[in-house]
Amino acid sequence: MTTERTFSIIKPDATRRNLTGAVTKLLEEAGLRVVASKRIHLTRDQAEEFYGVHRERPFFNDLVSFMISGPVVVQVLEGDNAVAKNRDVMGATNPANADAGTIRKELAESIEANSVHGSDSLENAATEIAFFFTSDEIVG
Ligand code: IDP
Ligand code: MG
C-alpha cells in the first residue's frame, strides 16, 4: 500500500442538487480523506485549460460550458492507492455503465453531468492538484 494524493472535482450538477455532502460521504466511506477543499466558480479559460487534453473531442465545448454553469468543489484526496481508489468509487464515465454503489451510478445525471472528476494517474494528479492548490492549502 502506498499513500497517494489525487484530485477531485464535485461538478456543477452535484453542487446544484446540494450533493456536496453526499459525494464526499461516498469518498470518505471508500477510505479517502479530504485534505484540501474549496468551492469555486471556474472561468472558461480555467475549464478549457484543465480539460485541454479533450480539446479535439466533439463534446469539448459542451463540457466546458457545463463545467462553468455553476460552482464546483475542488478537493485533494489522500489515502492508500488514492488515484485508483477514487476512480473505483467514481464509477464509469457513463452512469448507465457504472457499478452499483459508485458515485456516478447513485448520483450522476448523464455521461456529461456525471457529478465528479478524478485524476486518472499519479502524474496527472500532481499536475491537477498544483493547478488549483498551493502547498499551504493542503493539510494532511
Ligand atoms: P472521466 O471523467 O471518467 O475520466 P473522460 O473521458 O476523461 O472521463 O471525459 C471527461 C469528461 O467529459 C467526463 O467526465 C464527462 O463529463 C465528459 N464526457 C466524456 N465523454 C463524453 C461524451 O461522450 N459526451 C458528453 N460528455 C462526455
Ligand atoms: Mg478523465
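In case you missed it, the structure is sitting above this.
Here goes a summary of the coordinates provided. Just so you know, these numbers come straight off a predicted model, no measurement behind them. (Residues numbered from 1 in each chain as written. Chains lettered and ligands numbered in written order. Predicted model: local features only at pLDDT ≥ 70, side-chain atom pairs only at ≥ 80, totals over all residues. Heavy atoms only, no water.)

1. Some remarks on helix α5 (residues 82–90)
Move 1: Within the span of α5, buried status applies to A82, V83, N86, V89 and M90. The buried residues of α5 occupy an angular sector of 140° when the element is viewed end-on, so they sit on one face.
Move 2: In this fold, the buried residues of α5 make contact with β1 (3–10), α2 (20–29), β3 (72–80), α6 (103–107), β4 (116–118) and α7 (122–132).
Move 3: In the stretch just after α5, G91 is the one whose phi turns positive, near 85°. (Buried < 20%, exposed > 50% of the residue type's maximum accessible area, 1.4 Å probe, protein only. Helix = DSSP H or I, 4+ residues; strand = E, 2+ residues; numbered from the N terminus. Arc of directions from axis to C-beta. Contact = heavy atoms within 4.5 Å.)

2. Things to note about the layout of surface pockets
Move 1: There is about 640 Å³ of room inside the largest pocket.
Move 2: In terms of lining residues, the largest pocket is bounded by 25 residues, among which Y51, V53, H54, L63 and H117 are the most central.
Move 3: Among the secondary structure elements, those contributing two or more residues to the lining of the largest pocket are α3 (44–50), α5, β4 and α7.
Move 4: Broken down by element, the residue count for the lining of the largest pocket peaks at 4 residues, all from α7. (1 Å grid on protein atoms, 1.4 Å probe; cavity = no way out; pocket = protein on both sides within 12 Å on 5 of 7 lines; lining within 4 Å. Points joined across faces, edges and corners; volume = space filled by probe spheres on them.)

Keep in mind these values describe shape, not function.
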